[in-house]
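Inside the fold
Next come the chains, spelled out residue by residue.
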Amino acid sequence: MKTCLILIDAQESFRQRPYFTPATLPGYLAQQNALIDGCVARGIPIVRIFHVDGPKTADNAFAVESGHIQPIQGLAPFEAAATFTKSRHSALVGTGLQVWLTQHGIGKLIISGIRTEQCCETTTRHASDLGWTVDYCLDATLTWDMQHLDGSVLAAADIKARTAAVLTERFARICSVEQALTGAVA
């Protein structure tokens, strides 16, 4: 089954957000870059997704006008097979990605990027519902701590564990970079 890596929202915009903390970025980048390099070496196409949303002003980090809609610093360079911008959580809504994947005979997706529980998880659920086989590469996703309604902190590690629990065996195979690459077919 022909495979494609979907790299979701790995963009500079996140550095501008108040919740951004650089502590987990190096670990994420190491895993994401290993996945990118492995796909490039195997001839697996990589589709880049950027999130563009909100007011079209320079002070909105998710607006093109901000200059932050570009690969996050430290991401391995690669030639994208296609690049799409989205304004919804799922990379399959209003982007043309679904058509591109179908036209290129892609049957299996590897999902990675930023944020674990938002756009990566939503795209995974949507892709599964549309019939794609999905490998969710948890180690090559990134998120940050969030706050519960009561003010207590929900740790990023707990968010990732929750995402893995709700996706596994229902919407995706949760896998490591190595496992995703082992099953990838160009």
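Our subject is the structure listed above.
Residues numbered from 1 in each chain as written. Predicted model: local features only at pLDDT ≥ 70, side-chain atom pairs only at ≥ 80, totals over all residues. Heavy atoms only, no water.

1. Remarks on the packing of helix α3 (residues 116-129) against helix α4 (residues 156-167)
- Relative orientation of the contacting elements α3 and α4 amounts to 10 degrees, with a least axis distance of 11 Å. Classed by the angle they form, the pair α3 and α4 counts as roughly parallel. Within the contact between the two elements, α3 uses Thr116, Glu117, Glu121, Thr124 and Arg125 and α4 uses Ile159, Lys160, Arg162, Thr163, Val166 and Leu167.
- For the contact of α3 with α4, a count of residues per class yields 3 nonpolar, 3 polar and 5 charged. (Axes fitted to C-alpha atoms, helices over the stretch in contact; angles between N-to-C directions. Helix = DSSP H or I, 4+ residues; strand = E, 2+ residues; numbered from the N terminus. Parallel < 35°, antiparallel > 145°, perpendicular 65-115°, else oblique. Contact = heavy atoms within 4.5 Å. Nonpolar A, V, L, I, M, F, W, Y, C, P; charged D, E, K, R; others polar.)

2. Description of the side chain of Lys86
- Its place among the elements puts Lys86 in strand β3 (residues 82-86).
- Of the residues examined, Lys86 reaches a relative accessible area of 2% and is grouped as buried.
- A distance of 3.1 Å separates a polar atom in the side chain of Lys86 from the backbone oxygen of Arg88.
- Contact partners of Lys86, with chain neighbours within four places excluded, come to Ile8, Asp9, Ile49, Phe50, His51, Val52, Ala91, Thr95 and Cys119. (Buried < 20%, exposed > 50% of the residue type's maximum accessible area, 1.4 Å probe, protein only. Polar contact = N/O pair within 3.5 Å; in protein donor to acceptor, adjacent residues only side chain to side chain.)

3. Points about the sheet that holds strand β1 (residues 3-8)
- On the basis of which strands lie adjacent, the open sheet formed by 6 strands has the order β3-β2-β1-β4-β5-β8 and parallel pairing. Edge positions in the open sheet fall to β3 and β8 (173-175), since each of these has one partner strand only. Taking the axes of each pair of neighbouring strands and ignoring which way they run, one obtains an average angle of 25 degrees across the sheet.
- Alignment of β1 against strand β2 (residues 46-51), held across 4 bridges, turns out to be parallel. Bridge pairing in β2 links Ile8 to Ile49.
- Its contacts with the sheet put helix α1 (residues 25-42) on β1, β2, β4 (108-114) and β5 (133-142), and the angle it makes with β5 is roughly 140 degrees.
- Lying over the sheet, α3 contacts β1, β2, β3, β4 and β5, oriented at roughly 175 degrees with respect to β5. (Pairing = 2+ DSSP bridges.)

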